[in-house]
Number of protein chains: 2
Amino acid sequence: MQNGIKPTLYTDRTPEEYADARLMNTVAHHHVTTEREDALGCNHWPSDEFGYFGHYYYIGTPEPIEMFGDLARPSRAVDYRIYQPKLLKDFIERGGEVVYGPVEREMIEGISDAHDLTVVCTGKGPIGQMFGRDDRFSPFERPQRMLCVGLVKGITEPETRAVTMYFSPGAGELIEIPSWSFNGWCNALVLEKQIGGDLEILAKTKYQDDPRAFLDLLLEKLEKHYPTLYARIDREEFDLANSPLDILQGGVTPTVRQTCTTLDNGKMAVALGDVHAVVDPVLGQGANMASYAAVILGEEIVANDVFDQRFVEKFDTRRHDRVMSGTRWTNYMLENLAKLDPTLLEFIGGMAQSRALTDQFTEDFNHPEAQWDIFSSPERVRATVARMALPMAAE
Amino acid sequence: MQNGIKPTLYTDRTPEEYADARLMNTVAHHHVTTEREDALGCNHWPSDEFGYFGHYYYIGTPEPIEMFGDLARPSRAVDYRIYQPKLLKDFIERGGEVVYGPVEREMIEGISDAHDLTVVCTGKGPIGQMFGRDDRFSPFERPQRMLCVGLVKGITEPETRAVTMYFSPGAGELIEIPSWSFNGWCNALVLEKQIGGDLEILAKTKYQDDPRAFLDLLLEKLEKHYPTLYARIDREEFDLANSPLDILQGGVTPTVRQTCTTLDNGKMAVALGDVHAVVDPVLGQGANMASYAAVILGEEIVANDVFDQRFVEKFDTRRHDRVMSGTRWTNYMLENLAKLDPTLLEFIGGMAQSRALTDQFTEDFNHPEAQWDIFSSPERVRATVARMALPMAAE
């Protein structure tokens, strides 16, 4: 218990149960997020040891474009089956109370009766749907990519430890993330498959049905669409990193929900994290947005003694621009990468001409509101490219 | 011209024309506002010479309540017929361009064609109405008080140079503001008359028709409703401070308008100041909100090179909480003073018990969002009063 607050966490998983669980996600924590962990004393994976240092970009146009951008400070990806139980133990050690067991929609009012404020930060289905959809920020009715996400071994590290973002026009994106899991270093491969494209079959083929057949199909598709990745693969060693649980397939409908809801007992419940704003993983924004919002929520809980509409308004005002910018930027990229939008191609062309622009684009994965300052209109994209091109013209 | 920005001001008044104009308002600049003027190098009336230091409060209940609260740093009221032309000259001296002449609604598109961004900060009638009413923050359809506002001489200063806020239940509020005008020190009297109350006649009686009759009526009403003010009046000297132009009568319908509008040429026009949010003057928030928003707008103009929806969103997000808090707090006080709301009376009772609470309430005229943190719900008012009462209980 800190700051006079006595929090209780309701979860269906004990710290011990994570080790045998299926892969939960493939999440990179940007340095804005690891710095928040430093401040809270829960960064157990310092970035000088566990971090990566930039982004490679591979655009699979007829003349492929390859670029690299630096992060100002490293990012870090740790398997959430290691991360979550460790932070749960931190919470318990510091006096937080945990109630284990399934949480159903019908239990929320009872939980709320026992506390000053209820925060809902997970819950597909009825619990999440307590919060109405916010149509202003929810342009899609269905997933924009089919996802096949796995932790794999057998990929040689590139020159710099870095994420690589691959784009195969008409097929989809692939994000390769150097990640720390049960057996040490491995790579997360996030396959973002355009619906109806050549890669979609990877969302439907099951590893567990025939591991070798799945791997062969995956290798065939990687060779065709992502040849520079394929060139770094040791076919003999290439497999899931730990076990058949290291793979996750599906799709996400990007959705923003209302900030809060009033329960039957008159108290407020606040939506946080994925319940508030769930994004496609293509830009790695979801967990970082959630961490940002969670720390602000904590600060506002400490600063207020009444948890009413004004409390929620103040909290939501503070998180709004980053979370909605992360959401809109992600949705913009999903849409405009798929349709090869000329303005976006102009920006990519600008990156190819300007290392400074590539560095800025890379570093600003930390600052989605700065990305939205660029991508929110064609005029802004053009102004940015022109501004970054100026120093070269002056040389 | 500073920061690479070349501003043009369209106004119907030259600096020379202010001296002969009717009183424009009675505005106090709180220290957050004079500090903005210091930063911009346009504070020509330093508060150590021109300032006042706190608020007296007089509640005309059967047992009158009198209180005093300190401001952390002084506020200052200068006649806008002195203030505005001086700042207009500053603007011109620094290279700002001014176009003199009437500005009509039909001219706005033409003005917009010649500039990157159009900011509309004054304009009753059609110019203001370009921006649609924001019903979420506009609860009233008509003025909540009839106003009679004047600059007067013949009032002895109280012990401390300070504003006095008087409240006469059923009749209305009176705000006395030590002000600097053409003849030096005088007092602004802001009579906020409840509609249908005993003071309403003062909104309809014209000074110019018969000055002596008007002054006698005013003195009769002050004696009845605001006896502690009346006791400081020298009846012989009491009159308008400079001339018959020192009085203004009417009423304000508190209204919030949309942040921006898209003109026929596709460009944005932004609403600022009274065009965006006009409040009743009872709490002296209007000009301070406008100054706050204007400086933020200037910062955002410098920080952005495209003036589109995203620009407006960023600007509006930054001004929103203070401007809407000033608006909502003012509307709250209008409504709840008139109906003698028990929760508000509880707060006033708390002030009478706690000098610290009276000081905080006084200083937070600088920070309307802190006032709204208190007055936005009865629970918050009670929590504040309870919190401030604690140190006394511990003694």
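Residues numbered from 1 in each chain as written. Chains lettered and ligands numbered in written order. Predicted model: local features only at pLDDT ≥ 70, side-chain atom pairs only at ≥ 80, totals over all residues. Heavy atoms only, no water.

- Per an unreviewed UniProt entry, the recorded name for chain A is Styrene monooxygenase StyA, and the organism is Tropicibacter naphthalenivorans.

**Things to note about the overall build of chain A**
Here's step 1: The helix and strand inventory of chain A stands at 13 helices and 15 strands.
Here's step 2: A globule of 395 residues ought to have a C-alpha radius of gyration of about 21 Å, and chain A, at 21 Å, matches this closely.
Here's step 3: Taken along the three principal axes of its C-alpha coordinates, chain A extends 60 × 50 × 40 Å.
Here's step 4: Evaluated residue by residue, chain A yields a buried proportion of 55% over its 395 residues.
Here's step 5: A separation of at least 24 residues holds for 74% of the contacts in chain A among residues at least 6 apart in sequence. (Helix = DSSP H or I, 4+ residues; strand = E, 2+ residues; numbered from the N terminus. Rg over C-alpha atoms; globule rule 2.2 N^0.38 Å. Buried < 20%, exposed > 50% of the residue type's maximum accessible area, 1.4 Å probe, protein only. Contact = heavy atoms within 4.5 Å.)

**Let's talk about the interface of chain A and chain B**
Here's step 1: In this assembly, 21 residues from chain A lie in contact with 20 residues from chain B.
Here's step 2: In this assembly, chain A packs against chain B so that about 1,600 Å² is buried in total across both faces, 35% of it on carbon and sulfur atoms.
Here's step 3: Area buried by chain A at its contact with chain B is led by Val 306, Arg 310 and Arg 380 of chain A, which between them contribute 37% of it.
Here's step 4: Counting the contacts that link chain A with chain B gives 22 residue pairs in polar contact (both at pLDDT 80 or more).
Here's step 5: Mapped by element, the contributors of at least two residues to the side of chain A that touches chain B are α9 (309–338), α12 (368–375) and α13 (378–394) of chain A.
Here's step 6: At 8 residues, α9 of chain A tops the list of elements feeding residues into the side of chain A that touches chain B.
Here's step 7: A breakdown of the residues in the side of chain A that touches chain B according to their chemical character gives 4 nonpolar, 5 polar and 12 charged. (Buried area = accessible area lost by both parts, 1.4 Å probe. Polar contact = N/O pair within 3.5 Å; in protein donor to acceptor, adjacent residues only side chain to side chain. Nonpolar A, V, L, I, M, F, W, Y, C, P; charged D, E, K, R; others polar.)

**So, the relation of the copies chain A and chain B**
One copy of the chain maps onto the other through a rotation about an axis plus a displacement along that axis.
Here's step 1: Note on the copies: chain A fits chain B at an RMSD of 0.0 Å, the axial shift is 0.0 Å, and the rotation between them is 180°. Such a combination of turn and shift is consistent with a two-fold rotation axis. Proximity to the rotation axis, assessed at the C-alpha, singles out Thr 317 of chain A in chain A; its C-alpha lies 3.9 Å from the axis.
Here's step 2: When the interface residues of chain A are mapped onto chain B, 95% of them are again interface residues, pointing to one common binding face. (Least-squares fit on C-alpha atoms with pLDDT ≥ 70 in both.)

**So, the sheet that holds strand β14 (residues 268–271) of chain B**
All names here are of chain B.
Here's step 1: Strands sit in the order β5-β14-β13 across an open sheet of 3 strands; the sheet is mixed. Each having just a single partner strand, β5 (118–120) and β13 (260–262) make up the two edges of the open sheet. On average, each strand axis in the sheet is tilted by 25° relative to the strand beside it, whichever way the strands run.
Here's step 2: Direction of pairing for β5 relative to β14: parallel, over a ladder of 3 bridges. Residue pairing for β14: Val 120 is matched across the bridge by Ala 271. (Pairing = 2+ DSSP bridges. Axes fitted to C-alpha atoms, helices over the stretch in contact; angles between N-to-C directions.)

**Focus on the pattern of salt bridges**
When their charged atoms lie close together, side chains carrying opposite charge are able to pair.
All names here are of chain A.
Here's step 1: Counted according to the given criterion, the structure contains 58 salt bridges over all chains.
Here's step 2: Ionic pairing is found between Arg 212 and Asp 216, a salt bridge with its closest N-O pair at 2.9 Å. Separated by 4 residues within a single helix, Arg 212 and Asp 216 lie in helix α6 (residues 211–225), roughly one turn from each other.
Here's step 3: Relative accessible area serves as the criterion here: at 38%, Arg 212 is assigned to the partly exposed category.
Here's step 4: Note that Glu 369 and Arg 322 form a salt bridge whose closest N and O atoms lie 2.9 Å from each other. Note that Glu 369 is positioned in helix α12 and Arg 322 in helix α9, a separation of 47 residues in sequence. (Salt bridge = Lys/Arg side-chain N within 4 Å of Asp/Glu carboxyl O.)

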